[in-house]
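A structural walkthrough
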Amino acid sequence: MRITDARVVVCSPGRNYVTLIIETDEGLVGIGDATLNGREMAVVAYLREHVCPLLVGRDARRIEDIWQYLYKGAYWRRGPVTMTAIAAVDVALWDLKGKAADMPVYQLLGGAARDGVMVYTHASGEDLAALHRDVQENLDLGYRAVRVQASIPGLASTYGVPSAGDAVYEPASGNRPQEDRWDTAAYLDFAAEMISSVREEFGYGFHLLHDVHHRLSPIEAAHLGKALEPYRMFWIEDPTPAEDQSAFRTIRQHTTTPLAVGEVFNSIWDCQHLITERLIDYIRTSVSHAGGITHLRRIFALADLYGVRSGSHGAGDLSPASFAAALHVDMSIPNFGVQEYMGHRSPAEEVFDVSYSVVDGHAHPGDAPGIGVTFDEEAAARHPYEPRYLPINRRLDGTVHDW
Ligand code: KDG
Ligand code: MG
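Residues numbered from 1 in each chain as written. Chains lettered and ligands numbered in written order. Predicted model: local features only at pLDDT ≥ 70, side-chain atom pairs only at ≥ 80, totals over all residues. Heavy atoms only, no water.

What follows is about the domain arrangement of the chain. In terms of domain boundaries, the chain breaks down into domain 1 (3–103) and domain 2 (108–368). Here the C-alpha centre of domain 2 lies 26 Å away from the C-alpha centre of domain 1. With 30 residues of domain 1 at the interface, the matching set in domain 2 holds 33 residues. Between domain 1 and domain 2 the total buried area reaches about 2500 Å² when both faces are included, carbon and sulfur atoms providing 60% of it. On inspection of domain 1 and its partner domain 2, the count reaches 2 salt bridges. With its nearest N and O atoms 3.1 Å apart, the salt bridge here joins Glu 64 to Arg 298. The interface formed by domain 1 and domain 2 contains 12 residue pairs in polar contact (both at pLDDT 80 or more). Looking at the side of domain 1 that touches domain 2, the elements that each hand over two or more residues are strand 2 (17–24), strand 3 (29–33), helix 2 (63–71) and helix 3 (80–101). Considering every element that reaches the side of domain 1 that touches domain 2, the biggest residue donor is helix 3, with 11 residues. (Domains from an automatic or database assignment. Contact = heavy atoms within 4.5 Å. Buried area = accessible area lost by both parts, 1.4 Å probe. Salt bridge = Lys/Arg side-chain N within 4 Å of Asp/Glu carboxyl O. Polar contact = N/O pair within 3.5 Å; in protein donor to acceptor, adjacent residues only side chain to side chain. Helix = DSSP H or I, 4+ residues; strand = E, 2+ residues; numbered from the N terminus.)

What follows covers helix 7 (residues 218–228). For helix 7, the full list of buried residues reads Ala 221, Ala 222, Leu 224, Gly 225 and Leu 228. For helix 7, the arc enclosing every buried residue in end-on projection is 165°, short of the 170-degree limit, so these residues lie on one face. Buried residues in helix 7 make contact with helix 6 (184–202), strand 8 (235–237) and helix 8 (247–254). (Buried < 20%, exposed > 50% of the residue type's maximum accessible area, 1.4 Å probe, protein only. Arc of directions from axis to C-beta.)

This next bit is on the packing of helix 7 against helix 8. It is the contact of helix 7 with helix 8, at a shortest axis distance of 8 Å, that shows an interaxial angle of 30°. Compared by their axis directions, helix 7 and helix 8 come out roughly parallel. Remark: the crossing between helix 7 and helix 8 carries right-handed chirality. When helix 7 is examined against helix 8, the residues Pro 218, Ile 219, Ala 221, Ala 222 and Lys 226 are found in contact with a partner set consisting of Ala 247, Thr 250, Ile 251 and His 254. For the contact of helix 7 with helix 8, the per-class residue count stands at 6 nonpolar, 2 polar and 1 charged. (Axes fitted to C-alpha atoms, helices over the stretch in contact; angles between N-to-C directions. Parallel < 35°, antiparallel > 145°, perpendicular 65-115°, else oblique. Left-handed = near helix turned anticlockwise from the far one by under 90°. Nonpolar A, V, L, I, M, F, W, Y, C, P; charged D, E, K, R; others polar.)

So, about the side chain of Thr 240. Mapping Thr 240 onto the fold places it in the loop between strand 8 and helix 8. A polar atom in the side chain of Thr 240 sits 2.6 Å from the backbone oxygen of Leu 216.

Right, let's talk about the site of ligand 1 for a bit. Neighbouring residues of ligand 1: 14 residues in total, closest Tyr 159, Glu 237, Glu 263, Asp 317 and Glu 340. The side chain of Asn 37 places a nitrogen or oxygen atom 2.9 Å from an oxygen atom of ligand 1. Between Asp 317 and ligand 1, the recorded distance is 2.6 Å, taken from a side-chain N or O atom to an oxygen atom. Protein contact buries 93% of the 330 Å² of open area that ligand 1 shows by itself. Along the lines of polarity and charge, the residues of the shell around ligand 1 split into 3 nonpolar, 4 polar and 7 charged. (Near = heavy atom within 4 Å. Areas by Shrake-Rupley, 256 points an atom, 1.4 Å probe, with all protein chains shown as cover.)

Two numbers describe a pair of packed helices, the interaxial angle and the distance between the axes. Interaxial distance between helix 1 (residues 40–55) and helix 3 falls to 9 Å at its minimum, and their mutual angle equals 50°. By the angle class used here, helix 1 and helix 3 are oblique. Taken as a pair, helix 1 and helix 3 cross one another with a handedness that is right-handed. Residue-level inspection shows Ala 42, Val 43, Tyr 46, Leu 47, Val 51 and Leu 55 of helix 1 in contact with helix 3, the latter providing Val 81, Thr 82, Thr 84, Ala 85 and Val 89. By residue class, the composition of the contact of helix 1 with helix 3 is 9 nonpolar, 2 polar and no charged.

Taken in spatial order, the 3 strands line up as 1-2-3 in an open sheet, and their pairing is antiparallel. Looking at the sheet topology across the chains shown, the edges are occupied by strand 1 (3–11) and strand 3. Sheet twist, expressed as the mean angle between neighbouring strand axes with direction ignored, is 20°. Two strands pair when backbone bridges link them, and strand 2 and strand 3 are joined in this way by 5 bridges, in the antiparallel orientation. Paired with Leu 20 across the two strands is Gly 32, which belongs to strand 3. Its contacts with the sheet put helix 3 on strand 1, strand 2 and strand 3, and the angle it makes with strand 3 is roughly 145°. (Pairing = 2+ DSSP bridges.)

So, about the environment of Ala 92. By the secondary structure assignment, Ala 92 is in helix 3. C-alpha separation for the pair Ala 92 and Ala 325, spaced 233 residues apart in sequence, amounts to 9.6 Å. In contact with Ala 92, other than residues within four places in its own chain, are Ile 22, Gly 30, Ile 31 and Gly 32.

Within the first shell, the magnesium ion (ligand 2) binds the protein through Asp 211 (OD), Glu 237 (OE) and Glu 263 (OE), at distances of 1.9 to 2.2 Å. Look at where the donors of the magnesium ion (ligand 2) fall in the sequence and you get D-x25-E-x25-E. Remark: Glu 263 occurs in the loop between strand 9 (259–261) and helix 9 (272–276) and Asp 211 occurs in strand 7 (residues 207–211); sequence separation between them is 52 residues. (Donors = N, O, S within 2.8 Å, 3.2 Å for Na, K, Ca; no water.)

So, on to the pattern of salt bridges. A pair can form between side chains of opposite charge whenever their charged atoms are brought close. Throughout the structure, instances matching the rule amount to 16 salt bridges. A salt bridge links Arg 62 to Asp 65, with the shortest nitrogen-to-oxygen separation between them at 3.6 Å. On the basis of relative accessibility, which here comes to 48%, the residue Arg 62 falls in the partly exposed class. As a salt-bridge pair, Asp 211 and Arg 147 come within 3.0 Å of each other at their nearest N and O atoms.

Written out as structure tokens, the structure is:
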């Protein structure tokens, strides 16, 4: 099965998505998500200029060889742009392999290791009352795991709290990112109040998660973890920036609150020490930012050896093709933990036709061959790319702060 064409389509059906389409001489078409939120066109250029021309003529069945060719062969390894591009190729090739075998990808990965994949959803609010309403709505929909975020009193905006009824966190700010203000003390006081209020209102019959978005120092994160211990968190996520993996040792020494990190990681080397030194409980690397199904499975296999479970990133800026690919991995690995599910803003469904389903807080990839997602290029053309940035975060004195 030879690759005859590899091309990239950028569209914005509800938000920006970059999709790689690979065609073969057997008439089969595979797709992969190449979206890197706020840096979309960097991956587009990497694919168009440096990767697609190298794919044409290659045997699409040689997934591992193509992965190594693009990773080791490039000399310049790792990094979000490179690894997102490689991920898109890898997922498209797994999609093709599934279609050629007439099987869903999870069957090729060893078959179902569970009946379905527990997902966690997002609840948020401008204040605690609004947050509670959103939590209730999600529990009523059958979700068993809920991530909670609410606006921090005194700050003009809080990342992760979209305007009511919307599902996008990036403000529409044109060609420059919005600049938010951040106050660690206000956040730390409020976070404990928010989490305790949710447990008081709804009890302990569901899993509770919270995302810190990398904004604390290790000792501040340790303080938060300790403060939240009574509320039996499923995890706190991204408590501190993780370029320095040893920072997690400080947090770990002080708290039993489970720790999750990894949505910005793109390689096994970004989490090697976090995993092998058992500094985290969940690894959140995603299929589309960490080198595709091939590399993500390598990360999860390492994690399994050390009792670390998966908890893949699944925000709305990862396209339905990415979410579907994640579900095939989640279904088949032994150390699955949870899968993030934020859903996709309309009219994404005009462009991506999916075979996966989410019922009662559990997702299943479906049994269509490949990853089970088809991409409609004509529909995509009706929704052109719109530049958008993630916001920048500054402290009250104007200093640029961590994400
Ligand atoms: O592109 C970045 C978003 O996907 C991220 O900020 C959302 O933190 C996030 C999450 O956990 O979904
Ligand atoms: Mg996150």
